[in-house]
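Working through the structure, step by step
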Amino acid sequence: MIITDSTYKIKDTRSYKLLGGDADQNERWHYYYTVSTQLFPAKGLKGAVSIIDLSMHYPACGYTGGNIVVVWDGSKQYYVFQDYDGSDAGVYSISSDYILPSNKGGKGNTILSYTNTISYEFDEKNEYKELEHDSIAIQYSWKKGNGIIKIDTLFTNNK
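Reference entry: report on the structure contained in this document. This structure is a prediction, so every number in the text was calculated from the model and none was measured.

1. Some remarks on the overall build of the chain
If you tally the helices and strands in the chain, you get zero helices and ten strands. Dimensions of the chain, computed from the C-alpha atoms along their principal axes, are close to 60 × 40 × 25 Å. Relative to its full complement of 159 residues, the chain shows a buried share of 36%. If you take every contact in the chain between residues at least 6 apart in sequence, the share linking residues at least 24 apart comes to 40%. Of the roughly 10000 Å² of accessible surface on the chain, 51% is carried by carbon and sulfur atoms.

2. Quick word on the sheet that holds strand 6 (residues 77-88)
Taking strand neighbours across the sheet as the criterion, the eight strands line up as 3-4-5-6-7-8-9-10 in an open arrangement whose pairing is antiparallel. Edge positions in the sheet fall to strand 3 (34-41) and strand 10 (147-156), since each of these pairs with one other strand and no more. Strand-to-strand twist across the sheet, computed as the mean angle between neighbouring axes with direction ignored, equals 20 degrees. Here strand 8 (residues 110-122) runs beside strand 9 (residues 128-143); their pairing, made up of 13 bridges, is antiparallel. Following the sheet pairing, Thr117 is matched in strand 9 by Asp134.

Quick notes on the rules
- Residues numbered from 1 in each chain as written.
- Predicted model: local features only at pLDDT ≥ 70, side-chain atom pairs only at ≥ 80, totals over all residues.
- Heavy atoms only, no water.
- Helix = DSSP H or I, 4+ residues; strand = E, 2+ residues; numbered from the N terminus.
- Buried < 20%, exposed > 50% of the residue type's maximum accessible area, 1.4 Å probe, protein only.
- Contact = heavy atoms within 4.5 Å.
- Areas by Shrake-Rupley, 256 points an atom, 1.4 Å probe, with all protein chains shown as cover.
- Pairing = 2+ DSSP bridges.
- Axes fitted to C-alpha atoms, helices over the stretch in contact; angles between N-to-C directions.

Written out as structure tokens, the structure is:
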């Protein structure tokens, strides 16, 4: 990711590995891999300027995508975490999201990440049957100059 100022002078660069997709995307029948970014004000993260969400998706069953979240302090970018999204019809679903300090339920200098994974099947009568449901919530703390630190796994029912 390249971060520039308003005159397009490069302020910082960092490489991140793409999430999901198909390794062989040169063939015509593959879906298009999309990458987008969202920029959020870093309200509630003392000394930070922005929160950047780098979102990657490959819109096909059985492939994952997800987000990489980064904090920008005006001179350096700090990797926070990556999460995953994806599904395969009739087999599984994984979804992730996060809560920023300025969101409802958010806390100052804290980013919360949560992921739900469900595996399921349909029986002979086409009735939904949940086989497994795992959830995890992780708390990250921001400290200017030190970046992001994983503080605690708040909840998990992973086995």
